[in-house]
Amino acid sequence: MSWDPLRDLRVWQERLEQLTDHRPDSWTPPIDVYETDDRYVVAAEVPGLSREHVDLALEDSRLTIRGQRIDRRAAAGDIRFHQIERGHGSFARTFEFGSKIDIESVSADLTNGVLTITLPKASRAPARKIEVR
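This report concerns the structure included in the present document. (Residues numbered from 1 in each chain as written. Predicted model: local features only at pLDDT ≥ 70, side-chain atom pairs only at ≥ 80, totals over all residues. Heavy atoms only, no water.)

### Section: the overall build of the protein chain
Inference 1: Check the secondary structure of the protein chain and you find 2 helices and 7 strands.
Inference 2: Helices (α) and strands (β) of the protein chain occur, in sequence order from the N terminus, as α-β-β-β-β-α-β-β-β.
Inference 3: Within the protein chain, buried positions represent 26% of all 133 residues.
Inference 4: For the protein chain, the proportion of contacts with a sequence separation of at least 24, taken over those separated by at least 6, is 57%.
Inference 5: Total accessible area on the protein chain is roughly 10,300 Å²; 49% of this is exposed by carbon and sulfur atoms. (Helix = DSSP H or I, 4+ residues; strand = E, 2+ residues; numbered from the N terminus. Buried < 20%, exposed > 50% of the residue type's maximum accessible area, 1.4 Å probe, protein only. Contact = heavy atoms within 4.5 Å. Areas by Shrake-Rupley, 256 points an atom, 1.4 Å probe, with all protein chains shown as cover.)

### Things to note about the sheet that holds strand S7 (residues 114–120)
Inference 1: If you trace the 4 strands from one edge of the open sheet to the other, you get S1-S2-S7-S6, paired in antiparallel fashion. Strands at the two margins of the open sheet, each flanked by one partner only, are strand S1 (31–35) and strand S6 (107–111). Neighbour to neighbour, the strand axes of the sheet diverge by 15° on average, direction disregarded.
Inference 2: Pairing analysis gives 5 bridges linking S1 to strand S2 (residues 39–45), with the strands arranged antiparallel. Looking across to S2, one finds that Glu35 is bridged to Tyr40. (Pairing = 2+ DSSP bridges. Axes fitted to C-alpha atoms, helices over the stretch in contact; angles between N-to-C directions.)

### Some points on the sheet that holds strand S4 (residues 62–69)
Inference 1: Read across the open sheet, the 3 strands follow the order S3-S4-S5; overall the sheet is antiparallel. With one partner strand each, in any of the chains shown, strand S3 (54–59) and strand S5 (89–96) form the two edges of the open sheet. Taking each pair of neighbouring strands and ignoring which way they run, the sheet shows an average axis angle of 10°.
Inference 2: Bridge count between S3 and S4: 6 bridges; the pairing is antiparallel.

### So, the pairing of S6
The side chains of a regular strand alternate, residue by residue, between the two faces of the sheet.
Inference 1: Pairing geometry for S6 and S7, over 5 bridges, is antiparallel. Residue Asp109 lies in a different strand from S7, and its bridge partner there is Thr116.
Inference 2: Counted between consecutive antiparallel strands, the loop separating S6 from S7 contains 2 residues, among which Asn112 sits at a positive phi close to 55°.

Laid out in structure tokens, this is it:
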């Protein structure tokens, strides 16, 4: 992936905001993004979310992950919470990749609270010689 200084600044800004603004009514799952020769992989920690609470969208080379963790306080009834550290509410994260993605081969798996999205890179068209007439 090519170096993009603005993307790096946005990542640092998000990290700093997360460190200084811990509110249980908002959250962003920790996410790892890595690349191999033939694919990109996005792994997000989303404990407590089911498949129905996660929405993935892919447009060109841009992946958007949206989700929502339900506020347990509303459904708790007569339970009184003494401490709440696990955030809830909705989140959205968008990632743009440097290579074209083979949209038909993208897969997503949610196992043990980890959402793993595999985005195979589209194969490049082979070089061809063009004859001048």
